[in-house]
Structures are given as C-alpha cells and as structure tokens.
Amino acid sequence: MMSCPQKNLAGWGRFPRSTSKACSVQSAQEIAGFLDEEGDVIAYGNGRSYGDSAIADKQIVTRKLNHFLQFDKESGILRAQSGILLSEILQVAVPHGWFLAVTPGTKLITVGGAIASDVHGKNHHHFGSFSQSVLDLKLMLPNGEIIDCSENENRDWFHSTCGGQGLTGVILEARLQLKPIKSQNIEQTTIKSASLQETFAAFEDYQASPYSVAWIDCLAKGKNLGRSLLMVGDFATDGDLDYRSPRGPAIPFNFPKFALNRLTLSAFNWLYYHKVRKKISQQMVSIDQFFYPLDALSNWNRIYGKDGFVQYQFILPKEHSYQGLQEILQIIAASGKGSFLAVLKLYGKHNANWLSFPMEGYSLALDFKVEPSLWGLLERLDEVVVKCGGRFYLAKDARVPKAVFEQGYPQIEQFRAFRRQHGLDKTLNSRQSVRLGL
Amino acid sequence: MSDKGFVLILGAKSDMAQSIAREYAGLGFNLYLAARNVADLESLQSDLQIRHQVEVRLLEWDALKLEEQSNFYQGLAPAPVGVVTALGFLGDQTQAQQDAALAQKILQSNFNALVAVLEPIAADFEQKQSGFIVGISSVAGDRGRKANYIYGSAKAGFSAYLSGLRNRLAEADVQVLTVKPGFVATKMTAGMDLPEKLTAQPEQVAKMVVKAQQKGRNVIYVKPIWWLVMLIIRHIPEVIFKKMSI
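Residues numbered from 1 in each chain as written. Chains lettered and ligands numbered in written order. Predicted model: local features only at pLDDT ≥ 70, side-chain atom pairs only at ≥ 80, totals over all residues. Heavy atoms only, no water.

(A) Summary view of the overall build of chain B. Of regular secondary structure, chain B possesses nine helices and nine strands. Taken against the 2.2 N^0.38 rule, which gives 18 Å for 246 residues, the C-alpha radius of gyration of chain B at 18 Å falls within 12% of a compact globule. Expressed as a percentage of its 246 residues, the buried residues of chain B come to 51%. Sequence separation of at least 24 residues holds for 71% of the intrachain contacts in chain B that already meet a minimum separation of 6. For chain B, the exposed area adds up to about 11400 Å²; of that, 54% sits on carbon and sulfur atoms. Here chain B holds 26 positive side-chain charges and 23 negative ones, and the gap between their average locations is 8 Å. (Helix = DSSP H or I, 4+ residues; strand = E, 2+ residues; numbered from the N terminus. Rg over C-alpha atoms; globule rule 2.2 N^0.38 Å. Buried < 20%, exposed > 50% of the residue type's maximum accessible area, 1.4 Å probe, protein only. Contact = heavy atoms within 4.5 Å. Areas by Shrake-Rupley, 256 points an atom, 1.4 Å probe, with all protein chains shown as cover. Lys, Arg positive; Asp, Glu negative; His and termini not counted. Charge placed at Lys NZ, Arg CZ, Asp CG, Glu CD.)

Printed below as a string of structure tokens:
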C-alpha cells in the first residue's frame, strides 16, 4: 500500500488551509484500498478548485492516474484516465486538428476535476458545459464497484457525478468528444463598452459568436459603472496546427499585504481598460492567449498574499441580471475591494445535472484578497444574489453559508437523498460538503 | 512508429522503469517493455503511443527463468538499439537471514538474472559495434551493511559486472552506464521514512539516467550527493564500521 504523507493543503485560493493526508494513486486498485479505510475522503486533481471542495481528512490525489487510453484521430474521440490535464490533451489533439469542446479559463485542471465541477467556458451560450462533451465515464463507488455512466446508462449517477464535486465516487476515466478545428489561431474581436448597459447590449449583439467573455472594471463608478472589454472570437481557418504550449514567467513569492489596495487595483483596472483605444478592434491570437491568459503566469494566486483569496462567482437569471449586477457593482465599487479583473459572461441554458452551476443569465466572477473586513461585504452581496434568484459556483466557493447556497439549487434535496440512499455520505465528504450539508 | 529503433526496458513495471520509458519515448525511441504479467502495462503502452507517436510492444518476461534469457533476446525483431535493466527486488533482510529461498530470490533477481539476460545482448552489441546498456545498480552495493547486505551484495556483484562489461565493450564502442541511485520514492520504498534531501523522485532519476546515457557517461550517482555520502561511507575504517548502525 502506498503511503499518504501529511500535507498542508488548500485550494487554488489558498484559503482555507487544512492539514490532510495526500494519497497519490496510480491505479483503480489503489483507490479502492483508500476508499475502504475509515474517515472522510475526496478525490483531488490538480488543486485548481478555489475553495474547499477537494479538501478532506484524506485526499485521493489522481495526478498520476494519467494515461491516454485511446485517441481516434478520425472521429476525435479520446479516452483518458481522470488525472490527465487538459493541457496534455491539447498537446496530443491540436496537431491533429482537434480541440476540447469545452474548456475553462485554465488548462491546468484534470479531466476528473473538469467533470466533477462540470466546468464551462467562453462558449457556454453555444455548446453548454464540459459534461456535454463527455460520452461516458467510469466511476468507482466507495465499495470499490466500478460503474459506467452516461446520458444513456446509469443516468442518475451521471447527472449527480457531473458537477457533483467528487461526492458520488472517484472518476477513473472518461471518453470525450473533441471538436474539430482548422487552426490553432483565433480571430478575436474586442469591443470596448463604456457602461453596463453598453456591455449588455454588446453581449446580445455578438451572441452569434461562439466564444465570448468580458473583462469588467469592477472599481469604476457612476456613469462608468460596468464598463468593460468584451472579447469574442472563433477559430481561424488558416490550417496552422503547429501547436506548442508556451512557458511564461512565474510569481516567485507571496506578494506582501500592502501590494493590493484600492489604489493599485484601480490603477490596474484603469490602465487595462484604456490600453484598448478603439471602440472595436480585431486581433489574431493563439489558443493560449485567447483561452488561458492567466496560465502564462505560474502561481498567479500568490499575488493575493499569504492569506490567500476567495473567488466570488455567482450567476443571475437573465431577467434579473441587469438590475442585480448594477446593485452588486455599486456595492463593490463603493467598498474599494475587488480584483484586477472581474469576468462577466452571458450563459446559455442549464443542463440536466443536479448541481451544475450554469443557467441562462449573466455570471460575474471576482477575486477578493482574504482580510477581516471582507466577510461583511460578501454577505451583502449574497443578499442581492439570493434576492435575484441567483446561485453560487461550488468550484470557486470557500465560504457561502448553507442557507444561502441551497436557495440556488432546486435539485439539491435530490442530490442529498441520492447520497444517503447509496451510503455515499459515509465516506465521500469534503470540507465543503460538510459545510453545505451536501 | 519512429525510425530511431527500440529500447528494451527490463523490469518495466517499476516506477523508475516507467519513468525511463517516458523519457525514451519523449526522445522518439520505440520501446520493448518487458515484465511479468505485462498486461498491467497496457494503459502505459497506449499512453506512450498516443503522446509520442512511437511504437510500444509489451513482452511477457520472467527474470528468474535464467535458461530462457538467450532465446528471449533472439526473439526480438528488430533487435533493440539499447537496453535498460530496471528490475530490483529489495526483500526483507531479517527474513532472508532465516529463509534461504528468499535470500536466493534476492540474489537471483538482482544479480544472476541480469547476467543471464545481458550476456547475449552484450555479445550481439559487441559484434554490431553499437548499442548501449544501462544497468540500474544501487549505492547499497558500495559497502555491505547489516541493514541490507544480501541485497547489497547482489548489487555489488552487479556493479562489478557492469564495470567489467564496460571494460570489455569499450573497444566495440558499446556504452555501459552504471546507475547508482540512493533513496528513490517508489513502490519498493513506500512506507519507509526516507530523508527528503537524499531522496529522489522516479521522474528525476529517469531524466538523469537518460541524459547520462545520451551523453555517453559511465557511472552516475542519483542524486549526485550520494557520491559524496558513499565516498565517506566507503572510507570509514572497518574497525569502526563494523560497530556502526547505519
């Protein structure tokens, strides 16, 4: 049996921290061994969930369960073990003209993590979430049994596992349908908008574009409130598939506490916004520039200092989005707290998964440095989100109160009952699931 | 399939062997992975083929069937351009002191089997005047200690064997690389309390081994600090050493 060293672990936000056992696994057999032991356990991929969703007494670390099993270059169907990183898939797939059907804003997550969080990307309004590209998956239950799940087989297991944060079992492998591309380059259009109203109008105008996301200046006030840069785009057709992943600089140490304050944040946001001069501009950019700008800066989470940060991501139903976002941006701008960049995105319809985050509407994601005065602000924002019928994203969450969280997920009781019915709640628990009673 | 030829990895199931296989596949070599119950390596096989566009063949191979080794090598077509021996069986020293069969198994796995399989390979490489042989020995062979002297003496024998082989094959321009790892964090050492500064990860060992082989080196210690550690240990006078517990 492999050993499990004690480690001081945290999610990508480096908050909260926990001393836990990290059990690295290379085979299904080893996983079964760890599931058989006493105590709370949860699968842990590459540690990119922001909060405490992959933190437990004992973590099953899947990064070494990382073999490609099959790749059909004709059909674009890829079968891989769950510890493979999306970045590894790109290296194999892009040169043959295939890309992930759905990718989030980082490629440094595992396939298992992508399914467990049912991640989404800039094309949610066109394609949906990551699980829409999962043909089927193999799941190990706490008793060691392995089942196949998909839209056609063991559907309840599939819909509870996709977006289920590892609380239904350990994902061993999955079969993904990739999407054909003709180039590794993206034709990008940047639309500069001066207000929230303009930003919303731009999202609607460019709905036909398969990829879209806006960087919003969360510290702008008054008539500038909600000003943003909307970036839309699609793959070029120039036949250039010579993909090499770039290596960027790293943040070598935790920034000191004073580095991030009202002044530096507003200066950065002002510069970022004003760097773009034209109302509408066009660029040819690479996969990495377009989809993964932050991956170029390793350990960027250190910018927020040693106490870490929380990412606050919520989504509001479309009919309440404008008013709700206006209220939330006003509260944030007045507080002077906020991130370098906040991300706004228009989503398409929700899927059949019980705990998946997306629904039709607008989502905003912001980073906040952890400090004592933060919690009061977030509680005020929670109130607005709940009032508008919105919800929070488990993959980002480190602190939402249970009573607030459950109001956003109509199928949460079904998820809880399913866990109890199959005895999943006896072993598969994360700090987050305990906090939220999942 | 790449045109760089095949590297044969003996004992391909060990963590170190799998990492070494990754390195050679990354350089574009095809691979023969030889081990017992080799079907367990099917996922590694598909992985290396998909990632690196090389051909990977799995070979059922039992190190302890000494008389079959010559036939095993003759059966490889095409013949490999290089070979890495990565098998090792630590065994339990205290148990082996009372269990003759276990002691024999330790000696056979770490010495006799390697001689049996490497001799026909050496002869072939010598005749072709090309090829490389990488033998993973151990710092445990540098001086016998009560903690693991049965394993250590087999490794000492293997290190001496590789040294002799290097001498013999130098004229034929065949490289023989002796690798002496110290502690490596693998399945073999799981559960042991290893000092972090002296312990290498299998991926790290693999990188150093393949780099040293490609550069034509003769003997390497992994991590390099072990060269110094073993230099000191080898020079402790026997009067003192025999009373020590290290």
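(B) Representation of the overall build of chain A in the model. A count of helical and extended segments in chain A gives 13 helices and 19 strands. A globule of 438 residues ought to have a C-alpha radius of gyration of about 22 Å, and chain A, at 21 Å, matches this closely. Expressed along its principal axes, the backbone C-alpha trace of chain A runs to roughly 60 × 50 × 45 Å. Sorting the 438 residues of chain A into buried and exposed places 60% on the buried side. Counting only contacts in chain A whose residues sit at least 6 apart along the sequence, the fraction spanning at least 24 positions is 74%. Of the roughly 17400 Å² that chain A leaves accessible, carbon and sulfur atoms contribute 52%. For chain A, the distance from the average site of its 48 positive side-chain charges to the average site of its 42 negative ones is 8 Å.

(C) Local environment of helix H8 (residues 225–234) of chain B. Residue and element names in this part refer to chain B. Of all the residues in H8, the buried ones are Trp-226, Met-230 and Ile-233. The arc that holds the buried residues of H8, viewed along the axis, is 55°, so those residues lie on one side. Where H8 is buried, its residues contact strand S7 (183–184), strand S9 (219–222) and helix H9 (238–241). (Arc of directions from axis to C-beta.)

(D) Representation of the domain arrangement of chain A. Residues and elements named next belong to chain A. Entries for chain A in the domain assignment read domain 1 (6–61), domain 2 (68–181) and domain 3 (185–406). Distance between the C-alpha centres of domain 2 and domain 3: 24 Å. Both sides together, the interface formed by domain 2 and domain 3 hides about 3000 Å², and carbon and sulfur atoms give 58% of it. Looking only at domain 2, the three residues that lose the most surface to domain 3 are Lys-107, Lys-122 and His-125, adding up to 24% of its buried area. At the boundary of domain 2 with domain 3, the tally comes to one salt bridge. Note that Asp-288 and Lys-107 form a salt bridge whose closest N and O atoms lie 2.6 Å from each other. Among the elements of the structure, helix H2 (86–93), helix H4 (124–127) and helix H5 (155–161) are those that each provide at least two residues to the side of domain 2 that touches domain 3. (Domains from an automatic or database assignment. Buried area = accessible area lost by both parts, 1.4 Å probe. Salt bridge = Lys/Arg side-chain N within 4 Å of Asp/Glu carboxyl O.)

(E) Representation of the nonpolar core within the structure. Membership of the largest hydrophobic core comes to 135 residues, with the highest contact counts inside it found for Ile89(A), Phe99(A), Ile287(A), Leu364(A) and Phe368(A). Setting aside its immediate chain neighbours within four residues, Ile89(A) contacts Phe68(A), Leu78(A), Ile84(A), Val94(A), Leu100(A), Val111(A), Leu176(A) and Leu178(A). Counting 36 residues, the second largest nonpolar core, distinct from the first, contains Ile9(B), Ala25(B), Val184(B) and Val205(B). (Core = buried A, V, L, I, M, F, W, Y, C linked by side-chain atoms within 4.5 Å.)

(F) Just the packing of aromatic side chains, in detail. Residues and elements named next belong to chain A. Inspection of the entire model under this criterion finds 32 aromatic pairs over all chains. The interplanar angle of 80° and the centroid separation of 6.0 Å between the aromatic rings of Tyr-211 and Phe-290 together place this pair among those described as edge-to-face. One end of the pair, Tyr-211, is in strand S13 (residues 211–216); the other, Phe-290, is in helix H8 (residues 287–291), with 79 residues separating them in the sequence. Across the pair, exposure class does not vary: Tyr-211 and Phe-290 are buried alike. Ring pairing ties together the aromatic residues Phe-99, Tyr-211, Phe-235, Phe-290, Phe-291 and Tyr-292, which thus form one cluster. Here the guanidinium or amino end of Arg-391 rests over the ring plane of Tyr-409, the centre of that ring lying 4.4 Å away. (Phe/Tyr/Trp six-rings, centres within 6.5 Å; stacked < 30°, edge-to-face > 60°. Lys NZ or Arg CZ within 6 Å of the ring centre and 35° of its normal.)

(G) Structural context of the environment of Phe314(A). All names here are of chain A. Inspection of the secondary structure puts Phe-314 in strand S16 (residues 309–317). Residue Phe-314 is classed as buried on the basis of its relative accessible area of 0%. Each C-alpha atom of the pair Phe-314 and Phe-392 lies 4.5 Å from the other, and the pair is 78 residues apart in sequence. Ignoring any residue separated from it by four or fewer positions in sequence, one finds Phe-314 in contact with Leu-325, Ile-328, Phe-357, Tyr-362, Ser-363, Leu-364, Val-385, Arg-391 and Phe-392.

(H) Just the interface of chain B and chain A, in detail. Taken residue by residue, the interface counts 13 residues in chain B and 16 residues in chain A. Buried surface at the junction of chain B and chain A, summed over both partners, amounts to about 1100 Å²; 49% is from carbon and sulfur atoms. By the criterion of area lost to chain A, the three top residues of chain B are Ser43(B), Ile50(B) and Arg51(B), representing 44% of everything that side buries. Summed over the shared surface of chain B and chain A, the number is two salt bridges. Among the elements of the structure, helix H1 (15–26) and helix H2 (42–52) of chain B are those that each provide at least two residues to the side of chain B that touches chain A. When residues in the side of chain B that touches chain A are grouped by element, the largest group, six residues, is from H2(B). For the side of chain B that touches chain A, the residue count by class is three nonpolar, four polar and six charged. (Nonpolar A, V, L, I, M, F, W, Y, C, P; charged D, E, K, R; others polar.)

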